[in-house]
Amino acid sequence: MTPVIEISTERYERVYRRKPRGFTLWHFRMPDGWTFSQTGTYASAKRAAAEHARRRSFGPVARLQVWC
C-alpha cells in the first residue's frame, strides 16, 4: 500500500504571507523531526520530498511541513 503524503504550507504562509513558489533551497520537516532539503523549484522539491518520505515509510499517512 502506498502511503499518503500530506504537505502543509501553514508555517511558510504565516511567515512569508504567500504560498510557496519559485526556485530556492526548500526544507521539508519529516514526521520524525528530520529535515529534507532540496534546491530547485517548489514543485520539483515537493515531489522529491514526497518520494523521500515514501521510501522512509512513516506509516499510512505522512505529514510534511514546508520549513522556512
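All figures in this text were calculated on a predicted structure; none of them were measured in a lab. (Residues numbered from 1 in each chain as written. Predicted model: local features only at pLDDT ≥ 70, side-chain atom pairs only at ≥ 80, totals over all residues. Heavy atoms only, no water.)

1. A closer look at the packing of aromatic side chains
Given two aromatic rings, one states the distance between the centres and the angle between the planes to describe the pair.
Alright, step 1. If you walk through the whole model with that rule in mind, you get 5 aromatic pairs.
Alright, step 2. A cation sits over an aromatic face here: R11 above W67, 4.1 Å from the ring centre.
Alright, step 3. Positioned over the ring face of W34 is R56, at 4.9 Å from the centre of the ring. (Phe/Tyr/Trp six-rings, centres within 6.5 Å; stacked < 30°, edge-to-face > 60°. Lys NZ or Arg CZ within 6 Å of the ring centre and 35° of its normal.)

2. Thoughts on the environment of R54
Alright, step 1. Looking at where R54 falls in the secondary structure, it is placed in helix α2 (residues 42-56).
Alright, step 2. With 10 residues separating them in the primary sequence, R54 and L64 have C-alpha atoms 11 Å apart.
Alright, step 3. For R54, the contacting residues outside a window of four places in its chain are T2, P3 and I5. (Helix = DSSP H or I, 4+ residues; strand = E, 2+ residues; numbered from the N terminus. Contact = heavy atoms within 4.5 Å.)

3. Topic: the sheet that holds strand β3 (residues 35-41)
Note: strands within a sheet are paired through backbone hydrogen bonds, in either parallel or antiparallel orientation.
Alright, step 1. On the basis of which strands lie adjacent, the open sheet formed by 4 strands has the order β1-β4-β2-β3 and mixed pairing. What marks the edges here is a single partner per strand, and that holds for β1 (4-8) and β3. Averaged over all neighbouring strand pairs, the angle between strand axes comes to 30°, with direction disregarded.
Alright, step 2. Sheet analysis places strand β2 (residues 23-29) next to β3, joined by 7 bridges and oriented antiparallel. Looking across to β3, one finds that F23 is bridged to T41.
Alright, step 3. Most of the contacts of α2 go to β3, to which it runs at about 150°, and overall it touches β1, β2, β3 and β4 (61-67). (Pairing = 2+ DSSP bridges. Axes fitted to C-alpha atoms, helices over the stretch in contact; angles between N-to-C directions.)

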